[in-house]
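Residues per chain are reported as follows:
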Amino acid sequence: MPSTKVTTALQLLDKQINQPLTAALEVCARCGICAEACHYYAAEPVPQNIPARRAEELRKVYRSEHDFLSRLLPSWTGAEKLTEEKLAQLAEMAFNKCTLCYRCTINCPMGVDTPLIMTTLRAMATASGNAPEVLEMLADAAIEKGRDPSIYLEFYKDSIKDMELELQAFTGNPQACIPLQKKGAKMLYVALAGAHTILPAAAIFETVGEDWTLSIYEAANYGVFLGDTARAKEIAKRIVDEATELGVEEIVISECGHAYFAMRWNAPNWFGDRFIFRVRSILEVIAGYIQAGRLALDPSANPEPITYHDSCNLGRKGGVLEEPRAIIKAAALNFREMNPSRDEAYCCGGGSGLVANPDAYEIRMLAGKPKADQVKASGAQVVAAACENCRLQLGDLSGHYGLGVGVTALADLVVRAMRLPGAKDLVEEKIMSMAEAEK
């Protein structure tokens with residue numbers, strides 16, 4: 001008899017099987033083209049790092065449960081029964097050996113959705129108690145905050161009041177404010193935890209006279225990394241309910257790849273209906289301000305050679321490719337494109353929750369080598385990235401491989417180019433502190 005963990009994992013697999021997953025499991029031609037597309041394989045070209053090889057591990061289990069011939073003659077088809085030991089191995093592979101970047105899929109002649117297979121494995125691992133504890137803790141903490149915001153709301157309001165003083169010094173406007181829970185606002189801005197994703201955006205909104213309000217929740221959704229749709233949906237629901245209650249026209253997500261992809265592309269499917277508001281990235285908003293002439297930028301404020309890293313969730317998966325380049329070209333003098341870039345860009349190696357796992361440092365440093373090589377080849381002194389996890393990974397890569405580059409968000413470049421009274425020193429200090437930390 002299979003163990004409880006194995007039974008739970010197989011039951012989860014049965015629930016996950018639909019047409020997209022069946023196609024991904026059935027149509028692989030085993031051609032191996034996906035190998036060259038994978039940053040893990042590029043960093044360490046061994047068979048275990050070929051996406052099709054990794055996906056085959058679930059196919060073996062799938063055949064043993066759902067293919068009649070495999071039940072009769074498993075040795076002919078390579079079918080393999082799931083055991084607790086096998087389940088633990090699959091969990092380790094799904095969370096540590098694939099960042100769900102989708103580069104293999106867009107280069108596959110058959111369009112095999114290998115990341116969907118890996119996400120299914122993550123879901124099986126989570127359901128059976130084999131997921132990384134840190135990801136579960138982060139997801140559950142976000143859910144608890146949504147169930148009872150009063151636990152932290154007053155403290156959060158006090159923190160925002162303190163940030164307003166910084167914003168006023170930042171902009172030189174003693175009336176500048178950071179609105180919270182403002183009903184009827186046009187825009188609900190959903191930041192990440194920390195002032196570094198609130199103040200630059202607030203300065204930009206203040207300058208253009210935007211009608212906005214700050215979300216009381218953070219944008220990150222660790223349920224996505226777990227492959228746990230129930231958790232991911234509950235985390236997203238906090239923001240959907242807040243936007244609905246406030247009556248906003250749009251939700252704007254901070255510079256965070258997975259948070260944008262989850263709210264823009266996953267959430268409408270989770271909730272089974274079209275939203276009454278639109279969802280955009282802060283990059284789309286800023287690029288729109290620049291195009292409309294609402295932001296006066298001085299590119300000489302950012303004279304260093306700058307390159308841009310395409311976040312997989314924001315770029316390849318989310319379609320936000322040209323807006324960040326328009327922003328950098330308007331805010332900086334010397335933009336250098338990495339090669340390859342846009343939808344063919346290499347993953348940084350720290351995505352899909354890997355950067356949050358303290359035990360995965362060596363894994364992600366090796367997986368990030370192709371990106372480190374790209375950064376070095378660009379000759380840039382600063383790497384701009386529109387994703388918090390990517391920035392953390394790029395900073396670590398710079399230190400690990402001796403790149404000596406600074407890492408920055410795009411909003412910081414924009415604020416420095418706005419030449420606000422207190423912005424230049426603040427952003428320069430942030431970039432320098434990042435560079436020092438990487439040495």
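Below, the structure is looked at part by part. What you are looking at is a predicted structure, and each value in this text was computed from that prediction instead of being measured.

Check the secondary structure of the protein and you find 23 helices and 8 strands. Against the compact-globule benchmark of 22 Å for 439 residues, the protein has a radius of gyration of 22 Å, which places it among compact chains. Reported as C-alpha extents along the three principal axes, the dimensions of the protein are approximately 75 × 50 × 35 Å. For the protein, buried positions account for 56% of its 439 residues. Long-range pairs, those at least 24 residues apart, make up 78% of the contacts in the protein between residues at least 6 apart in sequence.

In this model, helix α11 (residues 133-147) (15 residues) spans 21 Å end to end at C-alpha, consistent with the 21 Å of a helix rising 1.5 Å per residue. Taken residue by residue, α11 has Leu135, Glu136, Ala139, Ala142 and Ile143 as its buried positions. The arc enclosing the buried residues of α11, seen along the axis, measures out at 130°, which places them on a common side. For α11, the exposed residues set more than 90 degrees away from the buried face come down to Glu133 and Met137.

Another aspect to go through is the layout of surface pockets. The calculated volume of the largest pocket comes to roughly 620 Å³. Taken together, 27 residues line the largest pocket, and the ones lying closest to its centre are Leu116, Thr119, Thr229, Asn266 and Trp270. For the lining of the largest pocket, the secondary-structure elements that each account for two or more residues are α2 (19-26), α10 (114-127), α14 (222-226), α15 (229-246) and α16 (257-271). Taken together, the residues that form the lining of the largest pocket break down as 12 nonpolar, 12 polar and 3 charged. Looking at the second largest pocket, its volume works out to about 320 Å³.

Our next topic: the nonpolar core. Counting 86 residues, the largest nonpolar core has Ile178 and Ile251 as its most contacted members. Excluding residues within four positions of it along the chain, isoleucine 178 makes contact with Ile160, Met163, Glu164, Leu167, Ile198, Leu199, Ala202, Trp212 and Leu214. One finds Cys38, Tyr41, Ile50 and Leu354 within the second-largest nonpolar core, a separate group that totals 38 residues.

Here we come to the sheet that holds strand β5 (residues 305-309). Judged by pairing direction, the sheet is parallel, and its 4 strands sit side by side in the order β6-β5-β7-β8 without closing on themselves. Only two strands of the sheet have a single partner each, and these edge strands are β6 (334-336) and β8 (406-408). For this sheet, the mean inter-axis angle between neighbouring strands, taken without regard to orientation, is 30°. Examined bridge by bridge, β5 and β6 share 3 bridges and lie parallel to one another. Pairing of threonine 307 across the sheet is with arginine 336, part of β6.

For the rest of this paragraph, the subject is the side chain of glutamate 388. Following the sequence through the fold, glutamate 388 ends up in helix α21 (residues 388-401). There is a polar contact of 2.8 Å between the side chain of glutamate 388 and the side chain of arginine 391. When near neighbours in sequence (up to four residues on either side) are disregarded, glutamate 388 contacts Leu192, His196, Thr197, Glu255 and Cys256.

In this section: unusual backbone geometry. Backbone torsion omega between asparagine 339 and proline 340 reads 0°, so that peptide bond is classified as cis. The backbone of tyrosine 102 shows a phi angle near 75°, a positive value even though the residue is not glycine. Phi at serine 352 is positive, roughly 55°, even though this residue is not glycine. Within the element layout of this structure, serine 352 appears in the loop between β6 and α19 (361-367).

Before going further, it helps to examine α10. For α10, which comprises 14 residues, the first-to-last C-alpha distance of 20 Å matches the rise-based estimate of 20 Å (1.5 Å per residue) to within 8%. For α10, a buried count of 11 out of 14 residues is recorded, marking the element as mostly surrounded by other parts of the structure. Looking at where α10 begins, the residue whose side-chain oxygen comes 3.1 Å from the main-chain nitrogen of leucine 116 is aspartate 113. Taken from the residues just after α10, glycine 129 is the one with a positive phi, measuring 80°.

Okay, a nonpolar patch on the surface next. Judged by side-chain polarity, Phe68, Leu69, Leu72, Leu73 and Trp76 come together as a nonpolar surface patch covering roughly 600 Å² of accessible area. Its place among the elements puts leucine 72 in helix α6 (residues 68-72). Taking relative accessible area as the criterion, leucine 72 reaches 54% and is therefore assigned exposed.

Attention shifts here to the packing of helix α20 (residues 369-378) against α21. Two elements in contact, α20 and α21, have axes separated by 10 Å at closest approach and are oriented at 80°. As judged from the angle between their axes, α20 and α21 are roughly perpendicular. Contacts from Lys369, Lys371, Ala372 and Val375 of α20 reach α21 at Leu394, Leu397 and Tyr401. Residues that form the contact of α20 with α21 fall into these classes: 5 nonpolar, no polar and 2 charged.

Okay, the sheet that holds strand β2 (residues 212-214) next. Spatial strand order, β2-β1-β3-β4: 4 strands in an open sheet with parallel pairing. The sheet terminates laterally at β2 and β4 (278-281), the two strands that pair on one side only. Pairs of neighbouring strands in the sheet enclose a mean axial angle of 25°, with direction left out of account. Summarising the sheet, strand β1 (residues 187-190) and β2 pair through 3 bridges and their orientation is parallel. When the bridges of β2 are listed, methionine 187 appears paired with tryptophan 212. Helix α17 (residues 282-291) contacts β1, β3 (250-253) and β4 of the sheet and is inclined by roughly 80° relative to β4.

Definitions and limits used
- Residues numbered from 1 in each chain as written.
- Predicted model: local features only at pLDDT ≥ 70, side-chain atom pairs only at ≥ 80, totals over all residues.
- Heavy atoms only, no water.
- Helix = DSSP H or I, 4+ residues; strand = E, 2+ residues; numbered from the N terminus.
- Rg over C-alpha atoms; globule rule 2.2 N^0.38 Å.
- Buried < 20%, exposed > 50% of the residue type's maximum accessible area, 1.4 Å probe, protein only.
- Contact = heavy atoms within 4.5 Å.
- Expected span 1.5 Å × (residues − 1).
- Arc of directions from axis to C-beta.
- 1 Å grid on protein atoms, 1.4 Å probe; cavity = no way out; pocket = protein on both sides within 12 Å on 5 of 7 lines; lining within 4 Å.
- Points joined across faces, edges and corners; volume = space filled by probe spheres on them.
- Nonpolar A, V, L, I, M, F, W, Y, C, P; charged D, E, K, R; others polar.
- Core = buried A, V, L, I, M, F, W, Y, C linked by side-chain atoms within 4.5 Å.
- Pairing = 2+ DSSP bridges.
- Axes fitted to C-alpha atoms, helices over the stretch in contact; angles between N-to-C directions.
- Polar contact = N/O pair within 3.5 Å; in protein donor to acceptor, adjacent residues only side chain to side chain.
- Patch = residues over 30% accessible without salt bridge, like charges linked within 9 Å, V, L, I, M, F, W, Y side chains within 5 Å.
- Areas by Shrake-Rupley, 256 points an atom, 1.4 Å probe, with all protein chains shown as cover.
- Salt bridge = Lys/Arg side-chain N within 4 Å of Asp/Glu carboxyl O.
- Parallel < 35°, antiparallel > 145°, perpendicular 65-115°, else oblique.

Functional significance is not addressed by these values, which are geometric in nature.
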